[in-house]
Amino acid sequence: MIADNLHTVKQEIQESCALVSRNPKDVTLIAVTKSVDSLTAEELVKLGITNLAENRVDKLLEKKESLSQYSNISWHLIGNLQRRKVKSIINHIDYFHALDSLRLAQEIQKRASHKVNCFIEINISGEESKHGITPDELLSFVHELADLSNVHVVGLMTMAPYDADDESIRSIFATLKKLQEKICSLKLKYAPCTELSMGMSQDFPLAIIEGATYIRVGTALFKKG
Ligand SMILES: *Cc1c(COP(=O)(O)O)cnc(C)c1O
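All of these numbers come straight from a predicted model, not from anything done at the bench.

Definitions and limits used
- Residues numbered from 1 in each chain as written.
- Predicted model: local features only at pLDDT ≥ 70, side-chain atom pairs only at ≥ 80, totals over all residues.
- Heavy atoms only, no water.
- Salt bridge = Lys/Arg side-chain N within 4 Å of Asp/Glu carboxyl O.
- Helix = DSSP H or I, 4+ residues; strand = E, 2+ residues; numbered from the N terminus.
- Buried < 20%, exposed > 50% of the residue type's maximum accessible area, 1.4 Å probe, protein only.
- Core = buried A, V, L, I, M, F, W, Y, C linked by side-chain atoms within 4.5 Å.

**Some remarks on the pattern of salt bridges**
And then number 1: Counted under the stated rule, the structure contains six salt bridges.
And then number 2: Taking the shortest distance from any N to any O, the salt bridge between Lys-46 and Glu-42 comes out at 3.9 Å. Separated by four residues within a single helix, Lys-46 and Glu-42 lie in helix α2 (residues 38-46), roughly one turn from each other.
And then number 3: A salt bridge links Lys-177 to Glu-181, with the nearest nitrogen and oxygen atoms 3.5 Å apart. In this pair, Lys-177 and Glu-181 are both assigned in helix α7 (residues 166-185), four residues apart and thus about one turn of the helix distant.
And then number 4: Among the residues examined, Glu-181 registers a relative accessible area of 41% and is labelled partly exposed.

**Digging into the nonpolar core**
And then number 1: Phe-96, Leu-99, Ile-108, Ile-120 and Leu-145 are the most contacted members of the largest nonpolar core, which totals 69 residues.
And then number 2: Among the elements that take part in this core, α7 stands out by supplying six residues, more than any other.
And then number 3: Of all hydrophobic cores here, the second largest spans nine residues; its members include Ala-53, Phe-119, Val-154 and Met-157.

This is the structure we're talking about:
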């Protein structure tokens, strides 16, 4: 079942890349395992998946522990992170996808023992329920991170609204890409900002068309039937 799902997702990645002449190698599939147990996650690892994501600190630590024999897994924390939890998680992850405040960045600076790859989360749709800074805040936020040597801004992340039509979703992803290119063009050492984390089960083909380099897929990999 999971093997079939993975096959389908990979095929869709290839098809979307083909539409815009992109190399599928430039799109990293992150499997979001928040809805499944460690054994199910392990099935994916055995099928060759090396990027796993959780949106909760305790769940990530639990999975990482049970899959500790696989040393080639990159761990992604994709959910909102409370400052009081930074200490317990920050040295156990390879990527953090939801940086959205200076105080959080300062806590990461204080607790991390190495540079942490971070995506700045942007709330483009303006939905109140969503985390992330606004596009208007991005430039000054990036400059505020300059002195935080453990915060390495690899790219930007966003989530499109669930109920939006394809046109609006594409426009949100396209906006994120413009913002990413703008930060990238500043050529800041601490913020290369070359990556785009966007696209989930229902919209990753659109995200790839608009330039996603990391897609975060859960349901499509684990659905039954
Ligand atoms: C759950 C989650 C995903 C994956 O969502 P699916 O619709 O299951 O693919 C991606 N990104 C974030 C931030 C999530 O919380």
